[in-house]
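Take a look at the letters that make up each chain.
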Amino acid sequence: MPHLIPLALLLGLLAGPAPAADLSPDAYGFPLSNPFEATIAGTPPDLRPELPGDDEISQGDYSLLLRPEREYKLPANFWAVKKLRYRLATQDGPAPLIFIIAGTGAHYASGNMELLKKVFYQGGFHVVQLSSPTSYDFMAAASRFATPGISAEDADDLYRVMQAVMANHPQLDVTGYHLTGYSLGGLHAAFVSHLDEQRRHFNFQRVLMINPPVNLYTSVTNLDRLVQTQVADIRDAASFYERMFEKLTHYFQHKGSLDMSAALLFDFQQSQQRLSDEEMAMLIGASFRFSAADIVFTSDLINRRGLITPPGYPIDEGTEITPFFRRALLCDFDCYMAEQLVPMWRKRFDGGSLPQLVNAVSLYALEDYLRNSDKVAVMHNADDIILGPGDLGFLRRTFGSRLTLYPRGGHCGNMNYRVNTQAMLDFMRP
Amino acid sequence: MLRQRFTLLTLLILAMPISQAQTLATDEDGFTRPLERLTFNPGLDQREFERSTLLALDVYDPLEPWNRRVYHFNQRFDEWVFLPVVNTYQAVTPRFVRSGVSNFFNNIGDVGNLFNSLLQLKGQRSMEITARVLFNSTFGVFGLWDVASRMGLPRHREDFGQTLGAYGVPSGPYLVLPFLGPSNLRDTAGLAADFWVEGEIDYLGVSEAASYGHPEIYGLRVVDLRYQTSFRYGQVNSPFEYEKVRYVYSKARELQISE
């Protein structure tokens, strides 16, 4: 009998305390319980918010010449990215302005950026859309070192861009500055906000981080690992893409028409051809590997490191650069860190070991700042694939009630869910 | 005593997998560990991504240097001429006019779709397209309204390149056409054939009007085509945009031909 008490205690411990669920999946109402499906497909069309169409928005693309020397240093086929482009949507009268920072490798006009623009434009903001510091155009046209990954330096680059953008539109009537970003852009938003406390140019009123990485190294390791899932039934001849392609062909043949709509992915996952978790993970991993290849190639070329492109190799608009693409594809995020980021960090910033780098570039570096800054909030998902164990604990400790944790959504899959877009607006205009 | 220990142990062992499953489901801080649902390659040394991608880069493109130059030319033309014209068009016309223009030209294009659908012996599809042309040309007033789509008859595209492909003609070398963009030898031939057929059939007299004194109809058609195409240069945002577009074009055509 006396044994029963420790036993009960033990069992109780093993079962763990009830998870601090902020929101039950039922109350939340987001239908996709599979994080990989949510990451790929996003929200089903009828649960998305109603947003203004493109012709209802007064907007334009502009460009800035920030690094004039690159005009001469970069090869001819980079002509389109020698100036940094951005998109600005303006309200008629005075209004607050919000900067939006894109996620890993993403362009200022990518899908998620357009979504956030529409949400905040509808909410009465001027909106500035900026490419990610990890993207090809930003690296070529705006980044000082063109070796993204040192968060504080990336934020510094972003800050200069933001100042240049405002200088480019002196007539714009701005009542206050706000800042947001999703995925890696969320992490950048925190570092930019921190920098702003010193430089005081914008005095951001509200900063929202959407699905940011907590430990950057955990996130890139997770992403690198996604292409290592066991994908069943790949015969020697057929590659993974061919297999995906076959499934798509069968699906369309069965359906009888080629209808590429937003509902396609949901319908596809209901069909016989549906993808397994492993296959979806592989697709997500592959798309990030393409981003990694772009970073590896661009960073190496601009800095003339000679790892991918031999320095001085003549490149004009007709040059076949596919061989360099092949070489860059073999390098994942981990390889990029080891071959380019860490050596650059050691050389330029007197850097030390890998754990030191990880601490400096992750949210840990800003822990004290974030704990005491009421204007910064974070939205995250309990099943986000870029997080590791303990990351949510860090966010809970640091942000307290300023963390909104959604039970579902994968990585950014619920960004276009009505509940989320409403919460974003509610936070930005209290 | 010993017996009690034993039961304790069995209980513990029994409890283990359950509690493990619970920690797998949700951490103390609410994290659900999505990656632990996946089966990974034990050595983490799978090279399927690399293999697939390297294979995918293998598109027959003997004219690559020329094609790349044309690609850059198209990008500049798009940026400096094409898109500004489309933007002006968008600014000076109300939306219902633009959709009327798109529907009108799409309706004319349906004649070519019908022709190719018949050539491929697609019975049901040919009937659907015939019904589309009939409804849109009558109830839709010369195709200005796409009433057929609302009646559940979606648009099908069939061009002569697809017809050739359906009969087993290989795609031939990849080509980037000036102004028009990605193509290949087969589809370029198909494009020329479609253009010729459309002139011969001359549905609603548009081709004749366009060649005798109203070339602006072609102009409007081209602007409308660009207006309907959502692709923007640079949005792939990669130094390897050329390779990616080439792959997607080749695969998309295969998909259209097989379907």
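Residues numbered from 1 in each chain as written. Chains lettered and ligands numbered in written order. Predicted model: local features only at pLDDT ≥ 70, side-chain atom pairs only at ≥ 80, totals over all residues.

(A) Region of the structure containing the overall build of chain B. Secondary structure assignment for chain B yields 11 helices and two strands. Helices (α) and strands (β) of chain B occur, in sequence order from the N terminus, as α-α-α-α-α-α-α-β-β-α-α-α-α. Computed over C-alpha atoms, the radius of gyration of chain B comes to 28 Å, more than 25% over the 18 Å expected from 2.2 N^0.38 for 259 residues, which places it beyond the range of a compact globule. When its C-alpha atoms are laid out on the principal axes, chain B stretches across 105 × 50 × 45 Å. Classification of the 259 residues of chain B by burial places 27% in the buried group. Partitioning the contacts of chain B with sequence separation of at least 6, the portion at a separation of at least 24 is 64%. (Helix = DSSP H or I, 4+ residues; strand = E, 2+ residues; numbered from the N terminus. Rg over C-alpha atoms; globule rule 2.2 N^0.38 Å. Buried ≥ 20, exposed ≤ 12 C-beta atoms within 10 Å, placed from the backbone. Contact = placed C-beta atoms within 7 Å.)

(B) Spatial organisation of the overall build of chain A. The helix and strand inventory of chain A stands at 18 helices and eight strands. If one aligns the C-alpha atoms of chain A with their principal axes, the spans along those axes are about 80 × 60 × 50 Å. Across the 430 residues in chain A, those meeting the buried criterion constitute 45%. Look at the contacts in chain A between residues 6 or more apart in sequence, and 79% of them connect residues 24 or more apart.

(C) Structural view of the sheet that holds strand β8 (residues 403-406) of chain A. Residues and elements named next belong to chain A. Pairing within the open sheet is mixed, and its eight strands lie in the order β1-β2-β4-β3-β5-β6-β7-β8. Looking at the sheet topology across the chains shown, the edges are occupied by β1 (59-64) and β8. Averaged over all adjacent pairs, the angle separating strand axes in this sheet is 20°, with direction ignored. Bridge count for strand β5 (residues 174-182) against strand β6 (residues 206-210) is five bridges, and the pairing is parallel. In the sheet register, Tyr-182 faces β6, and the bridge partner there is Ile-210. Of the strands in this sheet, β7 (376-381) and β8 touch helix α17 (residues 391-399), which is tilted by about 155° from β7. (Pairing = 2+ DSSP bridges. Axes fitted to C-alpha atoms, helices over the stretch in contact; angles between N-to-C directions.)

(D) Spotlight on the confidence of the model for chain A. Overall, the prediction assigns chain A a mean pLDDT of 90, with 92% of residues at 70 or greater. Contacts for the low-pLDDT stretch residues 4-21 of chain A, under 50 throughout, to residues beyond four places or in other chains number 17 contacts. (pLDDT = per-residue confidence, 0-100.)

(E) Here's a closer look at helix α11 (residues 241-258) of chain B. Look at α11(B): 26 Å from first C-alpha to last across 18 residues, which is about the 26 Å you get at 1.5 Å a residue. All of the buried residues along α11(B) are B:Tyr242, B:Glu243, B:Arg246, B:Arg253 and B:Ile257. Buried residues of α11(B), viewed axially, fall in a sector of 105°; they line one side. The elements touched by buried residues of α11(B) are α13 (322-329) of chain A together with α3 (64-92), α7 (160-166), β1 (174-177), β2 (181-184) and α8 (185-201) of chain B. (Expected span 1.5 Å × (residues − 1). Arc of directions from axis to C-beta.)

(F) Up close: helix α14 (residues 333-349) of chain A. All names here are of chain A. Spanning 17 residues, α14 covers only 20 Å between terminal C-alpha atoms, well under the ideal 24 Å at 1.5 Å per step. Where α14 bends most, at Leu-341, the angle is about 35°, and the proline Pro-343 comes one to four residues later. Turning to α14, its buried residues number three or more, namely Phe-333, Tyr-336, Met-337, Gln-340, Leu-341, Met-344 and Trp-345. Residues of α14 that are buried make contact with α9 (216-225), α12 (277-302) and α15 (354-361). (Bend = angle between axes of the 7 residues up to and from the residue.)

(G) Fine view of the interface of chain B and chain A. Facing 56 residues of chain B, the contacting portion of chain A comprises 64 residues. Ranked by the residues each element gives to the side of chain B that touches chain A, the list is headed by helix α2 (residues 48-56) of chain B, at nine residues. When the residues that make up the side of chain B that touches chain A are grouped by side-chain class, the tally is 19 nonpolar, 22 polar and 15 charged. (Nonpolar A, V, L, I, M, F, W, Y, C, P; charged D, E, K, R; others polar.)

(H) Region of the structure containing the environment of A:Asp294. Tracing the backbone through its elements, the reader meets A:Asp294 in helix α12. On the basis of neighbour counts, which here come to 23 C-beta atoms within 10 Å, the residue A:Asp294 falls in the buried class. Considering only alpha carbons, one finds A:Asp294 and A:Ser135, 159 residues apart in sequence, at a separation of 7.8 Å. Among all residues touching A:Asp294, those that are not within four sequence positions of it are A:Gly105, A:Tyr136, B:Ser238 and B:Pro239.

(I) Quick peek at the confidence of the model for chain B. All names here are of chain B. Residues of chain B with pLDDT of at least 70 account for 90%, and the chain-wide mean is 83. Per-element confidence in chain B ranges from a low mean pLDDT of 44 for helix α1 (residues 2-25) to a high of 96 for β1. Here residues 1-24 scores under 50 on pLDDT; set against residues more than four positions off or in separate chains, the count is 13 contacts. Here the complex is predicted with pTM 0.88, and the ipTM for its interfaces comes to 0.87.

(J) Examining the domain arrangement of chain A more closely. Residues and elements named next belong to chain A. Under the domain assignment used here, chain A contains domain 1 (25-216 + 359-428) and domain 2 (224-340). For domain 1 and domain 2, the distance between their C-alpha centroids amounts to 24 Å. At the interface, 22 residues of domain 1 touch 24 residues of domain 2. Elements represented by at least two residues in the side of domain 1 that touches domain 2 include exactly α3 (35-41) and α6 (136-141). With five residues, the top contributor of residues to the side of domain 1 that touches domain 2 is α3. Taken together, the residues of the side of domain 1 that touches domain 2 break down into 13 nonpolar, eight polar and one charged. (Domains from an automatic or database assignment.)

(K) Representation of the pairing of strand β2 (residues 84-89) of chain A in the model. Residue and element names in this part refer to chain A. With respect to burial, β2 is a largely interior element, five of its six residues being buried. Of the strand pairs in this sheet, β1 and β2 are connected by six bridges, and their pairing is antiparallel. Bridge pairing links Tyr-62 to Tyr-86 in β2. Bridge count for β2 against strand β4 (residues 126-130) is three bridges, and the pairing is antiparallel. Along β4, the bridge assignment pairs Ala-89 with Val-127.

(L) Examining the pairing of β1(B) more closely. Bridge count between β1(B) and β2(B): four bridges; the pairing is antiparallel. Residue B:Tyr174 lies in a different strand from β2(B), and its bridge partner there is B:Asn184.

(M) Up close: the nonpolar core. Residue and element names in this part refer to chain A. Core analysis: the biggest nonpolar cluster contains 122 residues, and Ile-98, Ile-100, Leu-130, Val-296 and Ala-328 have the highest contact counts within it. Tallying contributions element by element places α12 first for this core, with 12 residues. Three or more residues apiece are contributed to this core by two domains, here domain 1 (25-216 + 359-428) and domain 2 (224-340). Ignoring sequence-local partners within four residues, the contact set of Ile-98 consists of Phe-120, Phe-125, Val-127, His-178, Leu-179, Thr-180 and Met-428. (Core = buried A, V, L, I, M, F, W, Y, C linked by C-beta atoms within 7 Å.)

(N) Representation of the packing of helix α4 (residues 95-119) of chain B against helix α5 (residues 123-138) of chain B in the model. Residues and elements named next belong to chain B. Between α4 and α5, whose axes approach to 9 Å, the crossing angle comes to 160°. Taken as axis vectors, α4 and α5 run roughly antiparallel relative to one another. Relative to α5, the crossing made by α4 is left-handed. Residues Asn-107, Asp-110, Val-111, Asn-113, Leu-114, Ser-117 and Leu-118 of α4 pack against Arg-125, Ser-126, Ile-129, Thr-130, Arg-132, Val-133, Asn-136 and Ser-137 of α5. When its residues are assigned to classes, the contact of α4 with α5 shows five nonpolar, seven polar and three charged. (Parallel < 35°, antiparallel > 145°, perpendicular 65-115°, else oblique. Left-handed = near helix turned anticlockwise from the far one by under 90°.)

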